[in-house]
Amino acid sequence: MTIELLHRHPAASVRTHVVVPLRFHDGFTTTADVYTFDGLADEEEHLLLGLGDWRGALARSAAGGAAPLVRPHSECLTGDVLGSQRCDCGPQLREAVERIAETGGFLLYLRQEGRGIGLYAKLDAYALQDAGLDTYQANLALGRDEDERDYRAAAQMLLAFGADRIRLLSNNPDKAIQLDAYGVAVAERVRTGVHLSQANARYLGAKRDHTAHTLDLGLGTHLFGSDVAGRAS
Ligand SMILES: [Zn+2]
């Protein structure tokens, strides 16, 4: 994390709001209030999805109750759209939408593919992983950082809704550190389920061992819902 993280960010403002009914491959349905923004720091086309009773969740938080549940989800074309089993992004997205819809909150869909290095570079990194490097070593071999994601725009979107205090649905400690630095207090970290498969086991192991993701891979595969109560300290 660099010192620029701590610089004050300008405010972002809502540009458009559309209601989008969602239906996932397994039949789960919900409705999202989808927002676009002007003034995002990196000028990417990020989305905020308001799910469930998000207005009520904001009101409860403002009155001193539980903070809204929020997941910053980084775009993954291969995982989110194509169902790639090399990562756990698709199941994490599906899980997050349902859990946030249940309690009210926001999913931030962030256009930072491949931990920020882009789609083609991510696929180049896959080729290096097939040659034996782990997911972080592969990024470095390509001359990129291990993780180039920046959550300033995520914080801007949340602050545009007055969500300056959240419960963060994530196993990634860097997201909590950055959001705090950008002015969004993480009142609690809520772990996601573990979506383990033969194809992504090495990837998840690298996330756990290298960047302190809170992942318990020893217990085998959990369907979300069966092990969603675990919370990181
Ligand atoms: Zn992915």
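Everything numeric here is computed off the predicted structure, so don't read it as measured data. (Residues numbered from 1 in each chain as written. Predicted model: local features only at pLDDT ≥ 70, side-chain atom pairs only at ≥ 80, totals over all residues. Heavy atoms only, no water.)

Peer 1: Help me understand the overall build of the protein, please; the structure alone is not making it clear to me.
Peer 2: Scanning the protein from N- to C-terminus turns up eight helices and seven strands. A buried classification covers 50% of the 233 residues belonging to the protein. For the protein, the exposed area adds up to about 11,000 Å²; of that, 52% sits on carbon and sulfur atoms. (Helix = DSSP H or I, 4+ residues; strand = E, 2+ residues; numbered from the N terminus. Buried < 20%, exposed > 50% of the residue type's maximum accessible area, 1.4 Å probe, protein only. Areas by Shrake-Rupley, 256 points an atom, 1.4 Å probe, with all protein chains shown as cover.)

Peer 1: How should I be thinking about the sheet that holds strand 6 (residues 165–169) in this particular structure?
Peer 2: Strand-to-strand pairing in sheets goes through backbone hydrogen bonds, with the strands running parallel or antiparallel. Across the sheet, seven strands lie side by side as 1-2-3-5-4-6-7; this open sheet has mixed pairing. With partners counted over all chains shown, the strands left at the sheet margins are strand 1 (13–23) and strand 7 (185–190), one partner each. Going from strand to strand, the sheet's axes swing by 30 degrees on average, the running direction of each strand aside. Bridge analysis of strand 4 (residues 69–74) against strand 6 gives two bridges, and the strand direction is parallel. If you follow Val70 over to strand 6, its bridge partner there is Leu168. On top of the sheet, helix 3 (residues 89–103) reaches strand 1, strand 2 (29–38), strand 3 (47–51), strand 4, strand 5 (105–110), strand 6 and strand 7; it is set at about 160 degrees to strand 4, its chief contact. On top of the sheet, helix 6 (residues 152–160) reaches strand 2, strand 3, strand 4, strand 5 and strand 6; it is set at about 145 degrees to strand 5, its chief contact. (Pairing = 2+ DSSP bridges. Axes fitted to C-alpha atoms, helices over the stretch in contact; angles between N-to-C directions. Contact = heavy atoms within 4.5 Å.)

Peer 1: Explain the coordination of the zinc ion to me, please; I cannot follow it from the model alone.
Peer 2: Reference values for coordination geometry: four tetrahedral donors around a metal ideally subtend 109.5 degrees, six octahedral donors ideally subtend 90 or 180 degrees. Taken together, Cys76 (SG), Cys87 (SG) and Cys89 (SG) make up the full set of protein donors to the zinc ion, lying 2.2 Å away. Sequence positions of the donors to the zinc ion reduce to the motif C-x10-C-x1-C. Here Cys87 lies in the loop between helix 2 (77–81) and helix 3 and Cys76 lies in the loop between strand 4 and helix 2, a separation of eleven residues in the sequence. Accessibility classification places Cys76 together with Cys87 in one group, the buried group. (Donors = N, O, S within 2.8 Å, 3.2 Å for Na, K, Ca; no water.)

Peer 1: So what exactly am I meant to see when it comes to the nonpolar core here?
Peer 2: For soluble globular proteins, the rule of thumb is that nonpolar side chains tend to be buried together. One finds Phe106, Ile166 and Leu179 to be the most contacted residues of the largest nonpolar core, which totals 26 residues. The greatest single-element share of this core, amounting to five residues, is contributed by helix 6. In contact with Phe106, not counting residues within four places along its chain, are Leu48, Leu49, Gly50, Trp54, Leu58, Leu69, Val70, Arg71, Ile100, Leu158, Phe161 and Ala163. Val34, Leu51, Ala96 and Val97 belong to the second-largest nonpolar core, a separate cluster that totals 17 residues. (Core = buried A, V, L, I, M, F, W, Y, C linked by side-chain atoms within 4.5 Å.)

Peer 1: Before we go on, may I ask you to explain the side chain of His73 in this structure?
Peer 2: With respect to the helices and strands, His73 occurs in strand 4. A distance of 3.0 Å separates the side chain of His73 from the side chain of Asp80, its partner in a polar contact. With sequence-adjacent residues up to four places away left out, His73 is seen in contact with Asp80, Cys89, Leu93, Leu107, Leu108, Tyr109 and Leu110. (Polar contact = N/O pair within 3.5 Å; in protein donor to acceptor, adjacent residues only side chain to side chain.)

Peer 1: Just checking my understanding: could you explain the pattern of salt bridges for this structure?
Peer 2: Side-chain pairing between opposite charges can occur once the charged atoms of the two side chains come close. Using the criterion set out here, one finds ten salt bridges in the structure. For the salt bridge of Arg94 with Glu98, the shortest nitrogen-to-oxygen distance reads 2.8 Å. With Arg94 and Glu98 both in helix 3 and four residues apart, this pair spans about one turn of that helix. Residue Glu95 is joined to Arg99 by a salt bridge in which the shortest nitrogen-to-oxygen separation is 2.6 Å. (Salt bridge = Lys/Arg side-chain N within 4 Å of Asp/Glu carboxyl O.)

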